[in-house]
Amino acid sequence: IIKKLFLFFIILIMPQKINASEFSLFIANLVDNNPEIKSSYYTYRSYSEGRMSSIGTYLPQAELNYNYQVQDIDKVTSDTIDNYETNEYNINVTQKLLAPELIPSISKTKLVIQEALLNYKKIKSEVILDLINTIVTIQSLEEQVLFENNNKTLNENLYQAAKIKNKSGIISQIDLLQSKT
């Protein structure tokens, strides 16, 4: 149904000539608004983001701490008298070890994501290919109509010439009838 609606839409807009920039914009809008392409893209994104949530705890994690203090300390008596500043920076990086039993699950997830990406690209290519095929078909039909109109005009001119020749006696009535068909 979507393909038929799409072809009908193309037939409606094609009698108007479309320049290259409008055509590329049309293709971009078609790709952006096509429900099949959107669905496959969101499926891919869902699998991709789901993968990150499943392995997120095994990714390196960094923790940054910063501490700034101002103290007045007497260095002899350890009383707080002098102006003394401290700056502390701490960075802790932790990495959990990946459990061997999770490796097949992660590999399967990667394959599912690749499959979803390939499906998205396939659907996008099919829609664009259908569009190009439709445009070529429409252009071919337009050329065929032009050829038929030219052929009709040529036949009418030949018939008019045959009528003139028949009136002047150059060709017979049979030749005139043959030029009419």
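Our subject is the structure listed above.
Please read these numbers as outputs of a predicted model, since none were measured by experiment.

**With respect to the overall build of the protein**
Helix and strand counts for the protein stand at five helices and two strands. Along the protein, from the amino end to the carboxyl end, the secondary structure elements read α-α-α-β-β-α-α. Long-range contacts, defined as pairs at least 24 residues apart, comprise 57% of the intrachain contacts of the protein with a sequence gap of at least 6. Total accessible area on the protein is roughly 14,300 Å²; 58% of this is exposed by carbon and sulfur atoms.

**Remarks on the packing of helix H4 (residues 103-168) against helix H5 (residues 173-180)**
With their axes 9 Å apart at the nearest point, H4 and H5 run at an angle of 170° to one another. By the criterion of interaxial angle, the relationship of H4 to H5 is roughly antiparallel. Here Tyr159, Ala162, Lys163 and Asn166 of H4 lie close against H5, whose contacting residues are Gln173, Leu176, Ser179 and Lys180. Its residues placed into classes, the contact of H4 with H5 shows three nonpolar, three polar and two charged.

**Overview of the packing of aromatic side chains**
Applying the stated criterion across every chain yields a total of two aromatic pairs. Between the aromatic rings of Tyr41 and Tyr120, the centroid separation amounts to 5.3 Å while the plane-to-plane angle is 55°, which identifies the pairing as tilted. A residue pair is termed long-range when its members are at least 10 positions apart, and Tyr41 in helix H3 (residues 35-55) and Tyr120 in helix H4 qualify at 79 residues. When its relative accessible area of 31% is taken as the criterion, Tyr41 is described as partly exposed. Of the residues examined, Tyr120 reaches a relative accessible area of 15% and is grouped as buried.

**Regarding a nonpolar patch on the surface**
On the surface, Leu64, Ile91 and Val93 cluster together into a nonpolar patch covering about 350 Å² of accessible area. Tracing the sequence through the fold places Val93 in strand E2 (residues 83-94). Judged by relative accessible area, Val93 falls into the exposed class, the value being 60%.

**A closer look at H4**
The first and last C-alpha atoms of H4 sit 96 Å apart over 66 residues, in line with the 98 Å expected at 1.5 Å per residue. The set of residues buried in H4 consists of Ile106, Ile113, Ala116, Tyr120, Ile123, Val127, Leu131, Thr134, Ile135, Ile138 and Ala162. Phi for Gly169, located one or two positions after H4, is positive at around 90°.

**Side note on the side chain of Asn34**
For Asn34, the location among the structural elements is in the loop between helix H2 (20-33) and H3. Among the polar contacts listed, one links the side chain of Asn34 to the backbone nitrogen of Ile37, at a separation of 3.2 Å.

**Re the nonpolar core**
By size, the foremost hydrophobic cluster in this structure holds ten residues: Phe26, Ile27, Leu30, Val31, Ile37, Tyr120, Ile123, Val127, Leu131 and Ile135. For this core, the elements supplying multiple residues, two or more each, are H2 and H4. If one sorts the elements of this core by residue count, H4 sits on top with five residues.

**Observations regarding the environment of Leu118**
Here Leu118 shows up in helix H4. Assessed through its relative accessible area of 57%, Leu118 is described here as exposed. For the pair Leu118 and Tyr44, spaced 74 residues apart in sequence, the C-alpha separation works out to 9.0 Å.

Definitions and cut-offs
- Residue numbering note: each chain is counted from 1, following its sequence as written.
- Only residues with pLDDT of at least 70 get local features here, since the model is predicted, and only at 80 or more are side-chain atom pairs given and counted; chain-wide, interface and lining totals rely on the full set of residues.
- To obtain the side-chain values, all non-hydrogen atoms of the structure were used and water was disregarded.
- Secondary structure follows DSSP: runs of H or I at least 4 residues long count as helices, runs of E at least 2 residues long count as strands, and numbering of each begins at the N terminus.
- The contact criterion used is simple: two residues touch if any of their non-hydrogen atoms lie within 4.5 Å.
- Only the protein chains shown count as cover for residues, and the accessible areas themselves come from Shrake-Rupley with a 1.4 Å probe.
- In this analysis, axes come from line fits to C-alpha atoms, helices being fitted only over the stretch in contact, and the angle between any two N-to-C directions falls in the range 0 to 180 degrees.
- Angle categories: roughly parallel below 35 degrees, roughly antiparallel above 145, roughly perpendicular from 65 to 115, and oblique for all the rest.
- Gly counts as polar in this scheme, as do all residues outside two lists: the nonpolar Ala, Val, Leu, Ile, Met, Phe, Trp, Tyr, Cys and Pro, and the charged Asp, Glu, Lys and Arg.
- To pair, rings of Phe, Tyr and Trp, with the six-membered ring standing in for Trp, must have centres within 6.5 Å; the planes then decide the type, stacked if under 30 degrees apart, edge-to-face if over 60, and tilted in the middle.
- Relative accessibility under 20% of the residue-type maximum defines a buried residue, over 50% an exposed one, and the middle range a partly exposed one, all with a 1.4 Å probe and only protein chains included.
- Exposure above 30% relative accessible area and the lack of any salt bridge qualify a residue for a patch; like charges then connect within 9 Å, and the nonpolar side chains Val, Leu, Ile, Met, Phe, Trp and Tyr within 5 Å.
- Salt bridges are identified by distance alone: a Lys or Arg side-chain nitrogen within 4 Å of an Asp or Glu carboxyl oxygen.
- Helix span, expected: 1.5 Å multiplied by one less than the number of residues in the helix.
- We define a polar contact as two N or O atoms separated by no more than 3.5 Å, with the added condition that, inside protein, one atom must be a possible hydrogen donor and the other a possible acceptor, whereas residues neighbouring each other in sequence contribute only through side-chain atom pairs.
- We define the nonpolar core as a collection of buried residues of types Ala, Val, Leu, Ile, Met, Phe, Trp, Tyr and Cys that are connected through side-chain atoms lying within 4.5 Å of one another.

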